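# Analysis of the macromolecular model
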Amino acid sequence: MAGRPLIGVSTYLESGARWGVWELEAALLPAGYPRLVQRAGGLAAMLPPDAPEHAAATVARLDALVIAGGPDVEPARYGAEPGPRTGPPARARDTWELALIEAALAARVPLLGICRGMQLLNVALGGTLVQHIEGHAEVVGVFGGHPVEPVPGTLYAGVVPEEVFVPAYHHQAVDRLGTGLVASAHAADGTVEALELPSAPGWVLGVQWHPEMGEDVRVMRALVRAAGAHAHSGPLEQ
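Here is a short report on the structure shown in this document. (Residues numbered from 1 in each chain as written. Predicted model: local features only at pLDDT ≥ 70, side-chain atom pairs only at ≥ 80, totals over all residues. Heavy atoms only, no water.)

## Some thoughts on a nonpolar patch on the surface
On the surface, a nonpolar cluster with roughly 480 Å² of combined accessible area is contributed by W19, V21, W22 and L24. By secondary structure assignment, the location of W22 is in strand β3 (residues 22-28). (Patch = residues over 30% accessible without salt bridge, like charges linked within 9 Å, V, L, I, M, F, W, Y side chains within 5 Å. Areas by Shrake-Rupley, 256 points an atom, 1.4 Å probe, with all protein chains shown as cover. Salt bridge = Lys/Arg side-chain N within 4 Å of Asp/Glu carboxyl O. Helix = DSSP H or I, 4+ residues; strand = E, 2+ residues; numbered from the N terminus.)

In structure tokens:
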């Protein structure tokens, strides 16, 4: 492989965003995501919502995939009715990102889910979510933080072996784990803070916090390293 691994990052799709004299519909991403990819040695590419039938071809062009944070996953995706604290659905994102996850798992493309991305990975594999928890998003619009303890012997613990203080902002969490997923880190209150798919032939990890808002690049660097290995491995045999 020549150059830096290409890391695709899913984006928001907002009805109105302002810059200069303009206010228009926009596909956007907080700058922390591409900056973290770049600091970890990757080349970032934004993946705005598209038709799900294009997901496999999109993933085939990537060395790794990041599903970014964002709005609540629509509860219908995991067989639940929306609770009183659940936000409005982002159906275009849900549809597109679920298709991306499915394509990445099928193609063994390294996959990292961040916050919503971790929750969506869990839902994609048949898991469910707790629609509201307290203490993980204390001030609206302000990132907080708390310690996270790795589970020994997991992929995540191999990347970050010690307890760390992480930047966090979420009010939902993993409830029942999806098929094949295991918890690989917890908060002090027992909330699943990382999960992974050890049975997968590729590199699959989700973290509930926001590494793009901190200084620790180890998780993203591990993804970029896995992306490099995937790029060298060539296409799957048919």
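Having put the structure on the table, let's press on.
## Some details on the packing of aromatic side chains
One pass over the structure, following the stated rule, counts two aromatic pairs. Seen from their ring centres, Y156 and W209 are 5.5 Å apart, and the 70° between their planes marks the pair as edge-to-face. Of this pair, Y156 sits in helix α5 (residues 155-159) while W209 sits in the loop between β13 (204-207) and α6 (218-233), and the two are 53 residues apart along the sequence. Above the face of the Y12 ring, R93 is positioned so that its terminal group lies 4.8 Å from the ring centre. (Phe/Tyr/Trp six-rings, centres within 6.5 Å; stacked < 30°, edge-to-face > 60°. Lys NZ or Arg CZ within 6 Å of the ring centre and 35° of its normal.)

## Looking at the nonpolar core
In terms of nonpolar packing, the biggest core is built from 34 residues, with I7, V66, L112, Y156, W209, M220 and L223 touching the most fellow members. Breaking this core down by element, the ones donating at least two residues are β1 (6-10), α1 (32-39), β5 (64-67), β6 (111-114), α5, β9 (164-168), β13 and α6. Formed by 31 residues, the second largest nonpolar core is a distinct cluster that contains L129, V174, A183 and L195. (Core = buried A, V, L, I, M, F, W, Y, C linked by side-chain atoms within 4.5 Å. Buried < 20%, exposed > 50% of the residue type's maximum accessible area, 1.4 Å probe, protein only.)

## Some thoughts on helix α4 (residues 116-124)
Side chains that are three or four residues apart share a direction in an α-helix, a result of its 3.6 residues per turn. Judged by how many residues are buried, α4 sits mostly within the fold: eight of nine residues are covered. When we look at burial in α4, the residues that qualify are R116, G117, M118, Q119, L120, L121, N122 and V123. Phi turns positive, to about 95°, at G126, one or two residues after α4.

## What about helix α3 (residues 91-107)?
Its 17 residues give α3 an end-to-end C-alpha distance of 24 Å, which sits within 8% of 24 Å, the value for a rise of 1.5 Å per residue. Just downstream of α3 lies R108, where phi reads positive at about 60°. (Expected span 1.5 Å × (residues − 1).)

## Re the side chain of H146
Here H146 shows up in strand β8 (residues 144-150). Residue H146 is classed as buried on the basis of its relative accessible area, which comes to 10%. A polar contact of 3.4 Å, which involves the side chain of H146, links it to the side chain of E193. Ignoring any residue separated from it by four or fewer positions in sequence, one finds H146 in contact with H136, V164, F165, V166, A168, A187 and E193. (Polar contact = N/O pair within 3.5 Å; in protein donor to acceptor, adjacent residues only side chain to side chain. Contact = heavy atoms within 4.5 Å.)

## Here's the deal with the pattern of salt bridges
According to the stated counting rule, one finds seven salt bridges in the structure shown. A salt bridge links E97 to R93; the nearest nitrogen and oxygen atoms lie 2.6 Å apart. With a gap of four residues between them, E97 and R93 both fall in helix α3, about one helical turn apart. For the pair E97 and R93, a shared accessibility class is recorded, and that class is buried. One continuous salt-bridge network, built from bridges that share partners, spans R93, D94, E97 and R116.

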